[in-house]
Amino acid sequence: DLLCVDQSGAIVSANIAAQSMLDSHVDQLRSRNISAFLPDIGAIGGPGELAAMNGRILERTIHLGDDRSIPVEISTTVAEHDEGRHFTLILRDLRERKKQEAALLHQATHDSLTGLLNRLALFEEVDRLAKNPDTRAMAVLSLNLSRFKAVNDTLGHAAGDAMLCYAAWRLSAVMEGHGALARMDGDGFAILARCDGNREHLLQLVHSLGESLRRPFDFEGIPIGVGLTVGIACFPKDGTDAVTLIKNAGIAVQRAKTFSEDFSFYDPDADQHSVRRLALLGELQAAIDSDSLELHYQPKVALRTGKVDNVEALLRWSHPVHGSVSPAEMIPLIEPTEMLRPLTDWTIRRALEQNCAWAKQGLHVGIAVNLSARLLQDFAFPDRLAALLAAHDVMPCMLELEITESAMLMDVGRALHVGRRIRDLGVSLSIDDYGTGFSSLSYLRDLSVSALKLDRTFVDDLENSPGNRFIVESTLKLAHALNLVAVAEGVSTQWQTDYLRNLGYDFGQGYFFSRPLDAAACLQWIMARNGQKGDVRAHEIASGSESAMRSGSALTR
Ligand code: C2E
Ligand code: CA
Ligand code: CA
């Protein structure tokens, strides 16, 4: 597209292509000045300085009136004529290239599966707003979908993808006009909410987001409930740049998950908690020494027989000032510290002692201890475990270690190595809170775990949630296909018990049967229950240690 102008900028001639681009016949063009189409040419000094454009290639926008505009690349050459200087402008239409650039930019800033903004774009967007002096308030929300992993594992990737798209679609409808929604990774989403920083308004938003996912999503006829956990960080209080805000929203969502809450505001005092943490850590050693730590025991009931041959040990700490400190609070505090080892050793020792004590009183039950995922990274742990077993007169098969799926998020090779050494000792491993984490089936097999313990959030609403029923059912199939014992925790009603038993779950545990009890109460409870349901246990104990050993380990199939 060629345009020829004189040194005042008046158009002298235009070829056909230029005429069509400018949407005017050359006769109409002749009466006009180039600056009518390229007002921003003034930016480089006006037509008088067209000469300055000589030999350069510039990107400009041609304005055609009625808001139409065309991005162009202009290269200018100058020619001396008898009538003075003329400039030849070669215009290249950049619309196609801009379209491609926009597509590339879209690709670089959007998630290909859901079409939402991606992590990078969200960081930029948050930073852009944070740097804008007009921004008085905004909030960054970190969103976590529950059930995603379970759906992915049991129904396949297509279902997982469909679930993410469903969530993306529902959530973005809520955010329409209120901010930006981005997919950060896996099942993690984040939101930049333009808001006034008012807590009530944010809560309203969180509520709407949760509501939007309330109706189960349908995958090939299977209704699947999707839960949502939200962490909130507010600008400028909780951070003034994207990295800090997004990080703090992430901390808040973890906190919400730890305490099984739907949402949590970032709380710098939770780091202040670190003051409490320091104090607690200091006191913990003393607590171990002074026996103010205690284990309570929650029976696992064999659903077919109604009997108990295994209990789970749960840590209890009654603190002189704070009262009872929940393990759900305490363990995450201790986990990253060097106190974890002595605490774990104490717990296992105590559980083994109890096992011996009960045996003397005629109660032979296996005992399960929760093991922090981090210990599967500890090469020295199997040796300490062996020493603890040797120091007590307990058969290794009576001990079971429950580990959460997150164990596999760390160094997998290492976890497998430590896991295998634990198995070699004869101690069994089981996966706790199954369905909330990221374990892949191959890990379960490589670790040779003996039981899958379905997380209690799936059991909770079994009566009303076909989606949960579906997951409960497919997890059972999975467990049995892998030759694992299937355990359901959090059983709290008769209906749930019947349902789980009829499905084929091997064990149930929960308030419906019994809350965690102290050792004496637990002994009584089990004796009463096992007695009342017939005397198989007594018979087995009488028939010799071998069968007692076999039945003592509930989790050996
Ligand atoms: P978990 O291993 O999933 O343990 C089950 C938790 O659910 C226990 O809470 C138990 O009291 C509670 N629970 C049992 N039945 C029901 C029910 O029917 N409904 C409901 N809503 N809850 C029920 P607890 O004792 O507060 O323990 C919380 C978590 O702390 C445990 O979750 C476990 O992850 C951790 N934990 C407890 N003791 C230890 C320990 O000695 N070592 C380690 N590493 N973690 C521990
Ligand atoms: Ca457990
Ligand atoms: Ca659990």
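About the thresholds
Residues numbered from 1 in each chain as written. Chains lettered and ligands numbered in written order. Predicted model: local features only at pLDDT ≥ 70, side-chain atom pairs only at ≥ 80, totals over all residues. Heavy atoms only, no water. Pairing = 2+ DSSP bridges. Helix = DSSP H or I, 4+ residues; strand = E, 2+ residues; numbered from the N terminus. Contact = heavy atoms within 4.5 Å. Axes fitted to C-alpha atoms, helices over the stretch in contact; angles between N-to-C directions. pLDDT = per-residue confidence, 0-100. Near = heavy atom within 4 Å. Polar contact = N/O pair within 3.5 Å; in protein donor to acceptor, adjacent residues only side chain to side chain. Areas by Shrake-Rupley, 256 points an atom, 1.4 Å probe, with all protein chains shown as cover. Donors = N, O, S within 2.8 Å, 3.2 Å for Na, K, Ca; no water. Buried < 20%, exposed > 50% of the residue type's maximum accessible area, 1.4 Å probe, protein only.

## Describing the sheet that holds strand β12 (residues 228-235)
Where strands meet in a sheet, backbone hydrogen bonds hold them as pairs that are either parallel or antiparallel.
Then step 1. Across the sheet, 6 strands lie side by side as β6-β8-β9-β7-β12-β13; this open sheet has mixed pairing. Among the strands making up the open sheet, the edge pair consists of β6 (117-118) and β13 (263-265).
Then step 2. Two strands pair when backbone bridges link them, and strand β7 (residues 138-145) and β12 are joined in this way by 8 bridges, in the antiparallel orientation. Counted as the bridge partner of Val-140 is Ala-233 from β12.
Then step 3. The sheet contacts of helix α7 (residues 157-175) involve β7, β8 (179-185), β9 (188-194) and β12, and relative to β8 the element is tilted by about 160 degrees.
Then step 4. Set on the sheet, helix α8 (residues 199-212) makes contact with β7, β9, β12 and β13; between it and β12 the angle comes to about 155 degrees.

## Some words on the confidence of the model for the protein chain
Then step 1. The share of residues in the protein chain with pLDDT of 70 or more is 89%, and the mean pLDDT across the chain is 85.
Then step 2. Here helix α21 (residues 545-552) stands out as the element of the protein chain with the lowest mean pLDDT, 37, in contrast to strand β22 (residues 507-508), whose mean of 98 is the highest.
Then step 3. Across residues 534-557, where pLDDT falls below 50, the model places 39 contacts with residues more than four positions away in sequence or in other chains.

## Points about the site of ligand 1
Then step 1. Close to ligand 1 lie 20 residues, the nearest being Gln-298, Arg-316, Asp-432, Arg-456 and Tyr-511.
Then step 2. Residue Glu-312 places a side-chain N or O atom 3.1 Å away from an oxygen atom belonging to ligand 1.
Then step 3. One of the side-chain nitrogen or oxygen atoms of Arg-316 is found 2.8 Å away from an oxygen atom of ligand 1.
Then step 4. Within the complex, 82% of the 800 Å² of free accessible area of ligand 1 lies under protein.
Then step 5. The leading source of residues in the shell around ligand 1 is strand β15 (residues 308-319), at 4 residues.

## Concerning the coordination of the calcium ion (ligand 2)
Then step 1. Coordination of the calcium ion (ligand 2) by the protein involves Glu-312 (OE), Asn-370 (OD1), Glu-402 (OE) and Asp-432 (OD), with metal-donor separations of 2.1 to 2.3 Å.
Then step 2. Each donor residue of the calcium ion (ligand 2) belongs to the same chain, with the gaps between them written as E-x57-N-x31-E-x29-D.
Then step 3. The calcium ion (ligand 3) is placed at 4.1 Å from the calcium ion (ligand 2), the two being bridged by Asp-432. Of this pair, Asn-370 sits in strand β17 (residues 366-371) while Glu-402 sits in strand β18 (residues 399-404), and the two are 32 residues apart along the sequence.
Then step 4. Overall, Asn-370 belongs to the partly exposed group, its relative accessible area being 31%.

## So, the environment of Ile-232
Then step 1. Structurally, Ile-232 is set in strand β12.
Then step 2. According to the relative accessible area criterion, Ile-232 is buried, its value standing at 0%.
Then step 3. Along the chain, Ile-232 and Val-140 lie 92 residues apart, while their C-alpha atoms are 5.8 Å from each other.

## So, the pairing of strand β1 (residues 2-6)
Then step 1. Taken together, the 5 bridges between β1 and strand β5 (residues 84-93) define a ladder with antiparallel strand orientation. Of the residues in β5, the one forming a bridge with Asp-6 is His-86.
Then step 2. Across 3 bridges, β1 lies against strand β2 (residues 11-14) in antiparallel orientation. Across the sheet, the residue bridging to Val-5 is Ile-11, located in β2.
Then step 3. Here β1 hands over to β2 after 4 residues, with Gly-9 in that stretch at a positive phi of 100 degrees.

## Quick look at the sheet that holds β2
Then step 1. Read across the open sheet, the 5 strands follow the order β2-β1-β5-β4-β3; overall the sheet is antiparallel. Looking at strand neighbours, the two that pair on one side only are β2 and β3 (57-63), the edges of this open sheet. With direction set aside, neighbouring strand axes in the sheet form an average angle of 35 degrees.
Then step 2. Against the sheet, helix α4 (residues 95-109) contacts β3, β4 (69-81) and β5, and its axis sits at roughly 135 degrees relative to β4.

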